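Each chain, written out:
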Amino acid sequence: MTYSAVTIFVIHLFVQTHRIQRFGSKMAHLRSLILLLSISLWPLPGLSQFCESVNGYCDSENILASSKILIKGGTVVNADHQEVADVYVEDGVIVAVRPNIKVPDGVRVLDATGRLVMPGGIDPHTHLAMEFMGTETIDNFFSGQAAALAGGTTMHIDFIIPVNGSLSKGYEAYVEKAKLSCMDYGFHMAITKWDDIVPKEMETMVEKGINSFKFFMAYKGSLMISDELLLEGLKKCKSLGALAMVHAENGDAVFEGQKRMIQLGITGPEGHALSRPPVLEAEATARAIRLAAFVNAPLYVVHVMSSDAMEEIARAQKSGQNVIGEPVVSGLVLDDSVLWNPDFITAAKFVMSPPIRAAGHGKALQAALSTGILKLVGTDHCTFNSKQKSLGIDDFRKIPNGVNGIEERMHLVWDTMVESGQISATDYVRVTSTECAKLFNIYPRKGAIRGGSDADIIIFNPNSTFHISAHSHHSRSDTNVYEGRSGKGKVEVTISGGRIVWENEELNVVPGSGNYISKPPFNYLYHGINKADQNYFASLKAPVNRIKQSL
């Protein structure tokens, strides 16, 4: 590829990825284009900003040089404590956290007086560039991550969907998709079938840094797995030290519920919620919990949307079982009344699975988050535009399932949970960053403001206000399920890998500058599991030695 061809390619990439995005101003667009063009002219063999390494993982070190940054005078908030201190960053790493740090000339100084300095958010649940229900999510690994950075999230973990059941082919496809990344990311892996090859591929995935596998108990005929497969998956996850995750809905009953709604002539978005009520989420949650208990394997329940499912998780935790519950922002702050909106597009943009629940469920989930029953907050960011949602205009079963949230999560959790007095600032850091880092075994590299941690940092103004609109967000979607919401607390600066990527309402991001984060197995949930197994086997008092007598 010649330099002129590279330049043309980068211009094409800029046009495609920025067509709907709004980076604050026309000048911001111009600066981004100039930066992209300058990169295209750098004499880097193989155009390294697009990650043409053997593994396809990005190394941004040679693309955008990390700055030396001093964040001065802010209140540093970690999950376990907060203190007034300076934070010094060099080469993408936090070097020091203490009061009155002195630095030489040439260091960029950010005044954080009156602000909170916190770890960048980690979103445990996203679907970027995912092929689903006859289309593909509108946000790719550049636009979705750019939106995340604007909202204070500096890492996410995306779900790889196997290709025809093949984990390896799915992995290869997502490595290719992730070449557009502009921030750090990791992968979960979905399991959609079981044969002699899949367990071996799971071993390979763990070697590649994937320590979590998802099992869909819904989406009959496509992604749904049987109880037999779930049991095999739980056993294999346990042997690998990986975390088993479930989308918990009774897929057979949902299928029956969908047929029932169609027979009743209910074809609009409200039929989606009516066909998969909370009882079906609770049943599948309870079933997955009991199967995990039978295997003695940790379990992670994604997007807990109902108080019914949450109560099953609480009951299991009370008995001593290692079950993690993950609410998502939409479930915390929205209710299902929107699905009855007479305008199809307005209603359809809220269709997701499990569905947004009736008023009351969100408050119960908030309470569970504040008391520690639910551990961390994701988004299930899975965006489709109005045209894509219209695929189901005559049949709600064909509406692509998914909502936005990757940009809005940090603001909405603060406003909903901290401003209301339900959690503290340290709890906020725990549920938006630190707990995720611990669960997926990347703490304290991620999820902490401390010496040696990655310089993924936000400067947050608790006294400022935010406003959400599709006209100003950075997703490529033309709708936003949080349209018109305002609240207190705003991310003013985002630092990703030691680079200032969001400041003064403007993004400074480049495709290919993100890094893949390998997640090792055997997180803290596995501590003591072998001992528990030993105690269980000792309690069996079997086999019994019997004297065989002839009859």
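Residues numbered from 1 in each chain as written. Predicted model: local features only at pLDDT ≥ 70, side-chain atom pairs only at ≥ 80, totals over all residues. Heavy atoms only, no water.

## Remarks on the side chain of His-303
Point 1. Looking at where His-303 falls in the secondary structure, it is placed in the loop between β13 (299-301) and α10 (307-318).
Point 2. Filtering out sequence-adjacent residues up to four positions away, His-303 remains in contact with His-125, His-247, Glu-281, Glu-326, Val-328, Ser-353, Pro-354 and Asp-380. (Helix = DSSP H or I, 4+ residues; strand = E, 2+ residues; numbered from the N terminus. Contact = heavy atoms within 4.5 Å.)

## Brief notes about the pattern of salt bridges
Point 1. Applying the stated criterion across every chain yields a total of 23 salt bridges.
Point 2. The partner of Lys-193 in a salt bridge is Asp-195, with the nearest N and O atoms 3.3 Å apart.
Point 3. What makes Asp-195 partly exposed here is its relative accessible area of 26%.
Point 4. Its salt-bridge partner being Lys-446, residue Asp-456 comes within 2.5 Å of it at the nearest N-O pair. Here the residue Asp-456 occupies a position in the loop between α16 (425-439) and β15 (457-467), and Lys-446 occupies one in the loop between α16 and β15, the gap between them amounting to 10 residues.
Point 5. Overall, Asp-456 belongs to the buried group, its relative accessible area being 5%.
Point 6. Residue Lys-446 is classed as buried on the basis of its relative accessible area, which comes to 2%.
Point 7. One salt-bridge network, held together by shared partners, links Asp-184, Arg-445, Lys-446, Asp-454 and Asp-456. (Salt bridge = Lys/Arg side-chain N within 4 Å of Asp/Glu carboxyl O. Buried < 20%, exposed > 50% of the residue type's maximum accessible area, 1.4 Å probe, protein only.)

## Thoughts on the packing of helix α9 (residues 278-295) against α10
Point 1. Interhelical geometry of α9 versus α10 gives an angle of 20° and a closest axis separation of 7 Å. Relative to α10, the element α9 is oriented roughly parallel. Our pair here, α9 against α10, has a crossing hand that is right-handed. Seen from α9, the contacting residues are Pro-278, Glu-281, Ala-282, Thr-285, Ala-286, Ile-289 and Arg-290; seen from α10, they are Asp-308, Ala-309, Glu-312, Ile-313 and Ala-316.
Point 2. Looking at the contact of α9 with α10, its residues break down into 7 nonpolar, 1 polar and 4 charged. (Axes fitted to C-alpha atoms, helices over the stretch in contact; angles between N-to-C directions. Parallel < 35°, antiparallel > 145°, perpendicular 65-115°, else oblique. Left-handed = near helix turned anticlockwise from the far one by under 90°. Nonpolar A, V, L, I, M, F, W, Y, C, P; charged D, E, K, R; others polar.)

## Some thoughts on the sheet that holds strand β11 (residues 212-216)
Point 1. Pairing is parallel across the open sheet formed by 7 strands, whose spatial order is β6-β9-β10-β11-β12-β13-β14. Lying at the two open borders of the sheet, with one neighbouring strand each, are β6 (121-126) and β14 (323-325). Neighbouring strand axes in the sheet, compared pairwise and without regard to direction, differ in orientation by 25° on average.
Point 2. Alignment of β13 against β14, held across 3 bridges, turns out to be parallel. Note on β14: the bridge partner recorded for Val-301 is Gly-325.
Point 3. Where α9 meets the sheet, its contacts fall on β12 (243-247), β13 and β14, and the angle it forms with β13 comes to roughly 170°. (Pairing = 2+ DSSP bridges.)

## Some words on α9
Point 1. Under the 1.5 Å per step criterion, the end-to-end length of α9 is 26 Å for 18 residues, consistent within 8% with the ideal 26 Å.
Point 2. Buried within α9 are the following residues: Leu-280, Glu-281, Ala-282, Ala-284, Thr-285, Ala-286, Ala-288, Ile-289, Leu-291, Ala-292 and Val-295.
Point 3. At the exit of α9 stands Asn-296, carrying a positive phi of roughly 60°. (Expected span 1.5 Å × (residues − 1).)

## Comments concerning the pairing of strand β17 (residues 499-503)
Point 1. Taking burial as the measure, the 5 residues of β17 include 4 buried ones, the bulk of the element.
Point 2. Relative to β17, strand β16 (residues 486-496) runs antiparallel, the two being bridged by 4 bridges. Its bridge partner lying in β17, Thr-494 is registered against Trp-502.
Point 3. Hairpin connection from β17 to strand β18 (residues 506-507): 2 residues lie between these consecutive antiparallel strands, with Asn-504 at a positive phi of about 55°.

## Things to note about the packing of aromatic side chains
Point 1. Evaluation of the coordinates by the stated rule reveals 15 aromatic pairs.
Point 2. When the centroid spacing of 5.3 Å and the interplanar angle of 85° are considered together, the rings of Phe-132 and Tyr-219 count as edge-to-face. Of this pair, Phe-132 sits in strand β7 (residues 131-132) while Tyr-219 sits in the loop between β11 and α6 (227-240), and the two are 87 residues apart along the sequence.
Point 3. What makes Phe-132 buried here is its relative accessible area of 11%.
Point 4. A network of ring pairs unites the aromatic residues Phe-141, Tyr-174, Tyr-185, Phe-187 and Tyr-516 as a single cluster. (Phe/Tyr/Trp six-rings, centres within 6.5 Å; stacked < 30°, edge-to-face > 60°.)

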